[in-house]
Protein chains: 2
Amino acid sequence: MLHEEVVGRIRAILLEGEIPPGARIPERELCDRLQISRTPLREALKVLAAEGLVQLLPHRGSRAAKLTDKDMRDLFEVCQGLEALAGELACERITDAEIDEIAAAHAEMVQHYREGDLIQYYRGNRAIHEAIVTAAGNPVLTGLYASVTARIRRARYVTPMTPQRWARAVQEHEAILNALQRRDGVGLSHILRAHLRHKREEVLQAGFAETEGSEPTLRIA
Amino acid sequence: MLHEEVVGRIRAILLEGEIPPGARIPERELCDRLQISRTPLREALKVLAAEGLVQLLPHRGSRAAKLTDKDMRDLFEVCQGLEALAGELACERITDAEIDEIAAAHAEMVQHYREGDLIQYYRGNRAIHEAIVTAAGNPVLTGLYASVTARIRRARYVTPMTPQRWARAVQEHEAILNALQRRDGVGLSHILRAHLRHKREEVLQAGFAETEGSEPTLRIA
DNA sequence: ATCCCAAATTTTGCATTCAAAAATGTAAAA
DNA sequence: TTTTACATTTTTGAATGCAAAATTTGGGAT
């Protein structure tokens, strides 16, 4: 199946930031690179446009979606809502085994925190949030969440992670795990919202890399 | 722009139920009907597949997405979450003018209820929910909501609307309007969730039209 | 009569081709 | 020197063509 493959690869290229936000996407160049003709490429671009990663301009080609501050705020809001929903549902459905897995991932993440390994910390952090969404057992939710987080990650923003913020984030994660273990859906929902609200505030305060030139010091993956 | 046009028309055909869930979508036939070649048609089908209205089977063509009971439950859950989020956000941002508009739409809907005009009642009901989502002022949310509700509407389910259920729905709508006017985001969020949960229970209890033969007595729009 | 397998037909997936629109470059006039 | 009009080039959007895969059809064996 060429089509899916192509969508995935272009998505990766966009998430990787190889084509910066707002930049034109040269069809021919991508065709040469992916060794395909324009037909499947254009199909893939249409799909990615539907996902919000690409914007199509009539007779003027496609560009990598450019996210404004407002777009980021909107995405974070929705992400928050989806995570809160996921938390509630997860508490109703999560198995003990799944909780154990998340607890293990949490412990690992805390270890990275102690070691000061921000990259690995972020990786673990993301894994935990995705595990919670998965535990909600709702593929529709999983799909929308993936789409929204992809778009957020697309904006290679930089957060100046201060010790205070990091410590608070870890504390919040302790609370998240705790609520999960108690299967306190409402509580988890509130914690998750606050957690993401804090992150959003940090991001929007710091601004994020919108321009092509500015190289991010750290990409949150 | 041919592409957008085509996506819209096929989406309409699917929502209209002309191609029943699970049925094959004959490319050639649609091409003849829409007077286009296969290229833009296939691009449109890919987009609709990304939206979840169409499912593509490798080398076996595309089918109108078939929704299982589980799918419906998942969609309702997410819809609930999105509406609850929209309610909270709307309360923070809605203008007096927008509230007045919704109040007017509400009064109109109640009038249809009194007249026993279920079709018009549903139309007004949908308009109100969409207005609340719009009032949230979050295009990302609006887009996801549109996608989810389209998929729900796609399943032409039938709800035996009893007088009791109808009365409760109207009561809940009174409460929704009330919370909006008081700009009570948390309250509105809870009411909206309960509102949709009730609807979901009705729908899932009744089952929905999955087979081609069964003609729905009433399509919830 | 039923089942199974192979040939023919249809349909799908992708490449190529063609026409139209936009971008670019050039030259002439103000 | 700047601006505008025009021609050329590039790129996009859609149609067509072609090979591979799947479905259908027909014939033979059980």
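Residues numbered from 1 in each chain as written. Chains lettered and ligands numbered in written order. Predicted model: local features only at pLDDT ≥ 70, side-chain atom pairs only at ≥ 80, totals over all residues. Heavy atoms only, no water.

### Description of the overall build of chain A
Within chain A, the regular secondary structure consists of 9 helices and 3 strands. Going from the N terminus to the C terminus, chain A shows its helices and strands as α-β-α-α-β-β-α-α-α-α-α-α. Dimensions of chain A along its principal axes, counting C-alpha atoms only, are 55 × 35 × 30 Å. The 221 residues of chain A split such that 52% are buried. Long-range pairs, those at least 24 residues apart, make up 77% of the contacts in chain A with a sequence separation of at least 6. Split by element, the accessible area of chain A, about 10400 Å² in all, is 50% carbon and sulfur. (Helix = DSSP H or I, 4+ residues; strand = E, 2+ residues; numbered from the N terminus. Buried < 20%, exposed > 50% of the residue type's maximum accessible area, 1.4 Å probe, protein only. Contact = heavy atoms within 4.5 Å. Areas by Shrake-Rupley, 256 points an atom, 1.4 Å probe, with all protein chains shown as cover.)

### As for the sheet that holds strand β3 (residues 61-64) of chain A
Residues and elements named next belong to chain A. Spatial strand order, β1-β3-β2: 3 strands in an open sheet with antiparallel pairing. Only two strands of the sheet have a single neighbouring strand rather than two, namely β1 (24-25) and β2 (54-57). Examined bridge by bridge, β1 and β3 share 2 bridges and lie antiparallel to one another. Within β3, the residue paired with Arg 24 across the bridge is Arg 63. Most of the contacts of helix α3 (residues 38-51) go to β2, to which it runs at about 115°, and overall it touches β1, β2 and β3. (Pairing = 2+ DSSP bridges. Axes fitted to C-alpha atoms, helices over the stretch in contact; angles between N-to-C directions.)

### Structural notes on the relation of the copies chain B and chain A
Under the fitted operation, chain B is carried onto chain A by 0.0 Å of movement along the axis and a turn of 180°, and the coordinates agree to an RMSD of 0.1 Å. The superposition of one copy onto the other is thereby described by a two-fold rotation axis. Taken as a fraction of all interface residues of chain B, those also at the interface in chain A reach 100%, which identifies the copy contact as same-surface. (Least-squares fit on C-alpha atoms with pLDDT ≥ 70 in both.)

### Regarding the interface of chain B and chain A
Taken together, the contact between chain B and chain A spans 28 residues of the former and 28 residues of the latter. Seen at the junction of chain B and chain A, the total is 8 salt bridges. Only α3 (38-51), α4 (69-93) and α7 (139-154) of chain B provide two or more residues apiece to the side of chain B that touches chain A. The greatest single-element share of the side of chain B that touches chain A, amounting to 11 residues, is contributed by α4(B). Residues that form the side of chain B that touches chain A fall into these classes: 14 nonpolar, 4 polar and 10 charged. (Salt bridge = Lys/Arg side-chain N within 4 Å of Asp/Glu carboxyl O. Nonpolar A, V, L, I, M, F, W, Y, C, P; charged D, E, K, R; others polar.)

### Describing the protein's contact with DNA strand D
Neighbouring DNA strand D are 17 residues, the closest being Arg38(A), Arg42(A), Leu2(B), Ser37(B) and Arg60(B). Between His59(A) and DNA strand D, the recorded distance is 3.2 Å, taken from a backbone N or O atom to a phosphate oxygen. Contact distances for DNA strand D include 2.4 Å between a phosphate oxygen and a side-chain N or O atom of Ser37(B). Looking at the surface near DNA strand D, the elements that each hand over two or more residues are α3 of chain A together with α1 (2-16) and α3 of chain B. Take the surface near DNA strand D: its biggest share by element is 3 residues, from α3(B). When grouped by side-chain class, the residues that make up the surface near DNA strand D number 5 nonpolar, 6 polar and 6 charged. (Near = heavy atom within 4 Å. Polar contact = N/O pair within 3.5 Å; in protein donor to acceptor, adjacent residues only side chain to side chain.)

### So, the domain arrangement of chain A
All names here are of chain A. Annotation of chain A at the domain level lists domain 1 (2-64) and domain 2 (69-206). On a C-alpha basis, the centres of domain 1 and domain 2 stand 29 Å from each other. Between domain 1 and domain 2, the residue contacts involve 11 residues of the former and 6 residues of the latter. Roughly 670 Å² is buried in total at the junction of domain 1 and domain 2, and carbon and sulfur atoms are behind 53% of that figure. Contact with domain 2 buries area across many residues of domain 1, yet Leu 15, Glu 51 and Leu 53 alone supply 54% of it, more than any other trio. Between the two partners, domain 1 and domain 2, sit 0 salt bridges. (Domains from an automatic or database assignment. Buried area = accessible area lost by both parts, 1.4 Å probe.)

### Re the pattern of salt bridges
One pass over the full model with this rule turns up 24 salt bridges over all chains. The residue Arg42(B) makes a salt bridge to Glu43(A) at a minimum N-O spacing of 3.7 Å. Remark: Glu43(A) occurs in helix α3 and Arg42(B) occurs in helix α3; the pair is interchain, linking two chains. For Glu43(A), a relative accessible area of 5% puts it in the buried group. With its nearest N and O atoms 3.0 Å apart, the salt bridge here joins Asp96(A) to Arg183(A). You can see Asp96(A) sitting in helix α5 (residues 96-115) and its partner Arg183(A) sitting in the loop between α8 (163-182) and α9 (185-206), a full 87 residues away along the chain. What makes Asp96(A) exposed here is its relative accessible area of 53%.

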